[in-house]
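Spelled out from the first residue to the last, the chains are:
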Amino acid sequence: MSNLFRKKSIEQIKRDAEAGFTTHDFSEVEADPHLRRSLGLFDLTMLGIAAIIGAGIFAMVGNASHDGGPAVIFLFIFSAIACGFAALCYAEFASRIPIAGSAYTYTYASMGELIAWIIGWDLIVEYAIGNIAVAISWSDYFTGMLRGYGIDIPAYLTMDYLSAARKFEAGQKLVEGAVSQGHTINALRDMSSDTLGKITEGLTPPLVEAYSAWTTSPVVGGWHVVVDLPALGITAIITSLVFIGIRESKFAANVMTILKIGIILLVISLGLNYVQPANWSPFAPNGIEGIMKGVAGVFFAYIGFDALATTAEEAKDPHKDLPRAMLLSLVICTVLYVILALVLTGMVSYTVLNVGDPLAFVFGPEGANIPWVAQVIAVSAVIAIGTVFLVFQLGQPRLWMAMSRDGLLPRIFSSIHPKFHTPWFATIITGLVVAIPALFMNLEEVTDLTVIGTLFAFVLVCGGVLLKDKEFAGSKRYVPHIGSRFVITPLLLIVLGGVYYYNSHYYGVNILAQFATVTPAEGEGWLRAFSHKIPMLAYLVLALSIAAFSILRNISLIPCLGLLSCAYLMTELGITNWERFGIWLVIGLVIYFLYGNKHSKLNDRDDGGTPPAESSESDAEDTGRSGEATEEPA
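In this text the structure is predicted, and so the values were computed from the model without any measurement. (Residues numbered from 1 in each chain as written. Predicted model: local features only at pLDDT ≥ 70, side-chain atom pairs only at ≥ 80, totals over all residues. Heavy atoms only, no water.)

Caption draft 1: Representation of the overall build of the chain within the structure. A tally of regular secondary structure across the chain gives 27 helices and two strands. When the 634 residues of the chain are sorted by exposure, 56% land in the buried category. Within the chain, residue pairs in contact and separated by at least 24 positions form 83% of the contacts whose partners lie at least 6 positions apart. Of the roughly 26,300 Å² of accessible surface on the chain, a fraction of 65% belongs to carbon and sulfur atoms. (Helix = DSSP H or I, 4+ residues; strand = E, 2+ residues; numbered from the N terminus. Buried < 20%, exposed > 50% of the residue type's maximum accessible area, 1.4 Å probe, protein only. Contact = heavy atoms within 4.5 Å. Areas by Shrake-Rupley, 256 points an atom, 1.4 Å probe, with all protein chains shown as cover.)

Caption draft 2: Summary view of a nonpolar patch on the surface. On the surface, a nonpolar cluster with roughly 430 Å² of combined accessible area is contributed by Ile-428, Leu-432, Ile-436, Phe-440 and Met-441. Structurally, Ile-436 can be placed in helix 18 (residues 424-440). (Patch = residues over 30% accessible without salt bridge, like charges linked within 9 Å, V, L, I, M, F, W, Y side chains within 5 Å. Salt bridge = Lys/Arg side-chain N within 4 Å of Asp/Glu carboxyl O.)

Caption draft 3: Summary view of the packing of helix 4 (residues 72-96) against helix 15 (residues 318-347). At a minimum axis separation of 9 Å, helix 4 and helix 15 run at an interaxial angle of 175 degrees. As judged from the angle between their axes, helix 4 and helix 15 are roughly antiparallel. Split into classes, the residues belonging to the contact of helix 4 with helix 15 amount to 21 nonpolar, four polar and no charged. (Axes fitted to C-alpha atoms, helices over the stretch in contact; angles between N-to-C directions. Parallel < 35°, antiparallel > 145°, perpendicular 65-115°, else oblique. Nonpolar A, V, L, I, M, F, W, Y, C, P; charged D, E, K, R; others polar.)

Caption draft 4: View of helix 6 (residues 113-148). Look at helix 6: 51 Å from first C-alpha to last across 36 residues, which is about the 52 Å you get at 1.5 Å a residue. The axis of helix 6 is deflected most strongly, by about 30 degrees, at Asn-131. Gly-150 sits one or two positions beyond helix 6 and adopts a positive phi of about 85 degrees. (Expected span 1.5 Å × (residues − 1). Bend = angle between axes of the 7 residues up to and from the residue.)

Caption draft 5: Spatial organisation of the nonpolar core. Core analysis: the largest hydrophobic core is formed by 169 residues, its most contacted members being Ile-53, Phe-58, Phe-76, Tyr-90, Tyr-104 and Phe-363. For Tyr-90, the residues in contact, after removing those within four places along its chain, are Ser-102, Ala-103, Tyr-106, Asp-306, Ala-309, Met-326, Ala-457, Phe-458 and Val-461. Core analysis: the second largest hydrophobic core is formed by 19 residues, Leu-188, Ala-210, Ala-213 and Val-226 among them. (Core = buried A, V, L, I, M, F, W, Y, C linked by side-chain atoms within 4.5 Å.)

Caption draft 6: Main features of the pattern of salt bridges. The tally for this structure, following the rule as stated, stands at nine salt bridges. Between Lys-468 and Glu-471 there is a salt bridge whose closest N-O contact spans 2.8 Å. Taking relative accessible area as the criterion, Glu-471 reaches 48% and is therefore assigned partly exposed. The network of salt bridges with shared partners includes Glu-92, Arg-96, Asp-469 and Arg-477.

Caption draft 7: Local environment of the environment of Gly-130. Along the chain, the position of Gly-130 falls in helix 6. When the C-alpha positions of Gly-130 and Ile-303 are compared, they lie 9.9 Å apart, and in sequence the two are 173 residues distant. For Gly-130, the contacting residues outside a window of four places in its chain are Val-125 and Thr-450.

Caption draft 8: Summary view of the environment of Tyr-506. Structurally, Tyr-506 is set in helix 21 (residues 488-507). By relative accessible area, which is 54% here, Tyr-506 ends up exposed.

Caption draft 9: Summary view of the side chain of Asn-131. As for its placement among the helices and strands, Asn-131 is situated in helix 6. Reaching out from Asn-131, the side chain makes a polar contact with the backbone oxygen of Phe-389 at a distance of 3.3 Å. Side-chain polar atoms of Asn-131 contact the side chain of Gln-393, separated by 2.9 Å. Those residues in contact with Asn-131 that sit more than four places away from it in its chain are Glu-126, Val-388, Phe-389, Phe-392, Gln-393 and Val-434. (Polar contact = N/O pair within 3.5 Å; in protein donor to acceptor, adjacent residues only side chain to side chain.)

Caption draft 10: Local environment of the packing of aromatic side chains. Under the criterion given, the structure shown has 24 aromatic pairs. Between Phe-413 and Phe-425, the aromatic rings sit 5.2 Å apart at their centres with planes inclined by 85 degrees, giving edge-to-face as the arrangement. Highlighted residues: Phe-413 in the loop between helix 17 (371-405) and helix 18 and Phe-425 in helix 18, separated in sequence by 12 residues. The class for Phe-413 is buried, based on a relative accessible area of 13%. For the ring pair Phe-456 and Phe-581, a centre distance of 5.3 Å and an interplane angle of 70 degrees mean the geometry is edge-to-face. Of this pair, Phe-456 sits in helix 19 (residues 448-467) while Phe-581 is found in helix 26 (residues 575-599), placing the two residues 125 residues apart along the sequence. Linked through ring pairs, Tyr-90, Phe-93, Tyr-106, Phe-458 and Phe-472 together constitute an aromatic cluster. Here the basic side chain of Lys-8 rests over the ring of Tyr-108, its NZ or CZ set 5.7 Å away from the ring centre. Between Arg-96 and the ring centre of Phe-472, over which it is positioned, the NZ or CZ distance is 4.1 Å. (Phe/Tyr/Trp six-rings, centres within 6.5 Å; stacked < 30°, edge-to-face > 60°. Lys NZ or Arg CZ within 6 Å of the ring centre and 35° of its normal.)

Caption draft 11: Representation of helix 17. Across its 35 residues, helix 17 extends 53 Å between first and last C-alpha, which sits within 8% of the 51 Å expected from 1.5 Å per residue. For helix 17, the buried fraction is high: 28 of the 35 residues fall into the buried class. Backbone geometry just after helix 17 places Gly-407 at a positive phi near 85 degrees.

Caption draft 12: Summary view of the environment of Leu-491. Structurally, Leu-491 is set in helix 21. On the basis of relative accessibility, which here comes to 36%, the residue Leu-491 falls in the partly exposed class. Spatially, the C-alpha atoms of Leu-491 and Leu-561 are 10.0 Å apart, while their sequence positions differ by 70 residues.

Caption draft 13: Inspection of the side chain of Ser-163 at higher detail. Within the element layout of this structure, Ser-163 appears in helix 7 (residues 161-180). For Ser-163, a relative accessible area of 6% translates into the label buried. Contact partners of Ser-163, with chain neighbours within four places excluded, come to Phe-168, Ala-210 and Asn-442.

Caption draft 14: Spotlight on the packing of helix 4 against helix 19. Orientation of helix 4 relative to helix 19, taken along the N-to-C sense of each, is 55 degrees, at an axis distance of 9 Å. As judged from the angle between their axes, helix 4 and helix 19 are oblique. In terms of crossing hand, the pair formed by helix 4 and helix 19 is left-handed. Across from Cys-83, Phe-85, Ala-86, Cys-89, Tyr-90, Glu-92 and Phe-93 in helix 4, the residues of helix 19 making contact are Ala-457, Phe-458, Val-461, Cys-462, Gly-464 and Val-465. Here the residues of the contact of helix 4 with helix 19 are counted per class, giving 11 nonpolar, one polar and one charged. (Left-handed = near helix turned anticlockwise from the far one by under 90°.)

As structure tokens, this is what we get:
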């Protein structure tokens, strides 16, 4: 069992990357088995912004504002602070281990192989499953944009089979009731949620779309042919771009990111003219509970900056540029998010922002009533979501490449294309993993896995910096050692006291008594009701443990704060998401013990983590033949 937690030294990780595992023979071509270093600070910052600003801000900010009111900006700020602590810890590792693999590689060096595998498997949730949701979301925005220009794609070619089947069954009677009143299906598809609700209570645009898709689709062998072709199309285009090379990918990302930043600045500058300060009162209508209700959507708006770490071997100066780009992209996006949230809740009442396209909504009839802006926003949403897709499709193959180098995945996953200098096989598999489910399935019920998986990665990276704190001492650091002995315990008491006072004073709620009371909902047993409190109980144990270690050992403050803040956000995601996440990790452990543990390259090395003489000579020959990764030609 001891070999489950064997670690790779930082030097060994660098040597393995320099060796450049590949299935190609590079002796006959003017190339080497490495990724091409083409990304400067500007490129990396643009990739970070590209990954962060996507569906989270163009769609989910509306629901979050509806629940939390204008005070949702505090959730944006808190999420940014939590991400900021995590970003500093990522920066610490990225400056020392500028190797593709992100949290997986960092964890391998700090916590050992089993935990590294768990985080690598976990990041598949963030990148692969997350991109399935992104592809489906992009398809919805794209078809909506086309419809605005009078181009109508048949509904059965724009929706996945599972959604069409489920929603047809749920909404058949409602749609047919509306049709019996004289409305046509095409007319119903052009109506808003409010208009449909007035015709038949409970009728919504998704139900109408599903009815149209199911009833107009061809039937082959008793099966309705319902597929999401736009989702397939964007996956094929982005995967091809990523396959061809990092230079082409960065150019596309830079152009699209500049465009969407321009659109957001346009929305802010125009919207400021229509802000009515009266809409900001009450500022927090539903208290802290209402603010935190939007945690999944708001944090989803920040996911992505960590994907920059997977491009470490394509950065020109990863030691300096990667950390700076992570922090810059996070700061820029936070400023934009807070201002945008204030503008949206100032233009219209938070009570009407529970819509799927809030940025377009505030410029509609209930807001500024500037129709052309809504069309511009529709185009920008398509661009914004496309850039998120691009960065995540860049990240997943490079993660698999790093895991393959270590033997935890088959060797072919680390094969570098001799012409394009990209992990070609891993890129193709990534495209298939996203395209096939997006074509037929809607993974809406597991999209929160993306958030909980990302937070889990942040927690482990912060924990890794804590474990490496003494080893990193005495050198230039992004996470300097600041003693936590006189900070953590008082801070926890202040936060708990503040939350208790706020809820009891303004809402008459005793949160301690509420937490200590188990009240089953209708149709729910006592054990199930108690299970909802397990995440918070686990968090309290973690917080008390960190407080104890801070007093006894004066451990480093910044990673402690990152660990505590990210772990708290995980508690807000509900027990159901924890259960799904646990099942996903169990599946990963089965794969590890069946394949990864047996094929790990550390099996061929001494306990000290160094390869035997024969392997060392082979690595040296490979390194000598390959040389260092080439710079991009001027």
